[in-house]
Amino acid sequence: SQQGEEDPQALSIQEGENATMNCSYKTSINNLQWYRQNSGRGLVHLILIRSNEREKHSGRLRVTLDTSKKSSSLLITASRAADTASYFCATDGGATNKLIFGTGTLLAVQP
Amino acid sequence: NAGVTQTPKFRVLKTGQSMTLLCAQDMNHEYMYWYRQDPGMGLRLIHYSVGEGTTAKGEVPDGYNVSRLKKQNFLLGLESAAPSQTSVYFCASSTERILSPQHFGDGTRLSIL
């Protein structure tokens, strides 16, 4: 069963706009990670946020974590056509060694 | 800097045939993983390894076997392929730190007819 569920399933925006994706999970976690997957390629790690952190930034990416609501959000600011990809959250579900991935948000950035 | 390399990239099999997917990483990572990705299902963990000579079952291990004879290589075997195993298979690796970021290969697209 999936630990993380992303919302929305698909998102289409114009270049320059901000994109927000959400992830909800079911059990307590040690950390939450976000990955990007371009069409036909493998996943690329974007950012990791630990359970004791509330917000983290990396370039145009901002991730928040609310452990009381068991949810996280990924904000991409000033989006570019190159940001077009699927975005996945992944959590450990409190277990060691394994990540559980959500089903992803497909982001399309129109030039 | 190759990272994680998967071989082959594409393959078509007939039901009942066997094959081995190879994953090689050059980052000296302890942990390696095999996932399958199906539409609407996200990634599901098949098997994983926490070090050379070790393997463990993931979420969907049935129909697959793995071996980690060398630290840099992780092999995924299908003994008797079934149409339900048509999927995109991804290998990943990570450092010895628990739940560190994973590095992925570009996948093997496998069709079972």
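The model shown is predicted, which means the values in this text are computed figures rather than measured ones.

Reading guide: rules and limits
- Residues numbered from 1 in each chain as written.
- Chains lettered and ligands numbered in written order.
- Predicted model: local features only at pLDDT ≥ 70, side-chain atom pairs only at ≥ 80, totals over all residues.
- Heavy atoms only, no water.
- Core = buried A, V, L, I, M, F, W, Y, C linked by side-chain atoms within 4.5 Å.
- Buried < 20%, exposed > 50% of the residue type's maximum accessible area, 1.4 Å probe, protein only.
- Helix = DSSP H or I, 4+ residues; strand = E, 2+ residues; numbered from the N terminus.
- Contact = heavy atoms within 4.5 Å.
- Polar contact = N/O pair within 3.5 Å; in protein donor to acceptor, adjacent residues only side chain to side chain.

**Details of the nonpolar core**
Side chains of a nonpolar character, in soluble globular proteins, are inclined to be buried together. Grouped together as the largest cluster of nonpolar side chains are 21 residues, with contacts concentrated most on Leu-32, Trp-34, Leu-74, Ile-76, Tyr-87 and Leu-107 of chain A. Elements with a minimum of two residues in this core: β3 (19–25), β4 (31–37), β5 (43–50), β7 (61–66), β8 (71–76), β9 (85–91) and β11 (105–110) of chain A. If one sorts the elements of this core by residue count, β3 of chain A sits on top with four residues. Residues in contact with Ile-76 of chain A, not counting those within four places in the same chain, are Glu-17, Asn-18, Ala-19, Met-21, Arg-60, Leu-61, Asp-83, Tyr-87 and Leu-107 of chain A. Judged by nonpolar contacts, the second largest core, of 19 residues, contains Met-19, Cys-23, Met-32 and Phe-74 of chain B.

**Regarding the side chain of Gln-37 of chain B**
One can find Gln-37 of chain B in strand β4 (residues 31–38). Since its relative accessible area comes to 16%, Gln-37 of chain B is described here as buried. A distance of 3.0 Å separates the side chain of Gln-37 of chain B from the side chain of Gln-37 of chain A, its partner in a polar contact. Ignoring anything within four residues of it in the chain, the contact list for Gln-37 of chain B reads Gln-37 and Phe-88 of chain A together with Gly-42, Leu-43, Ser-87, Val-88 and Phe-90 of chain B.

Shape is all these values report; function is a separate question.
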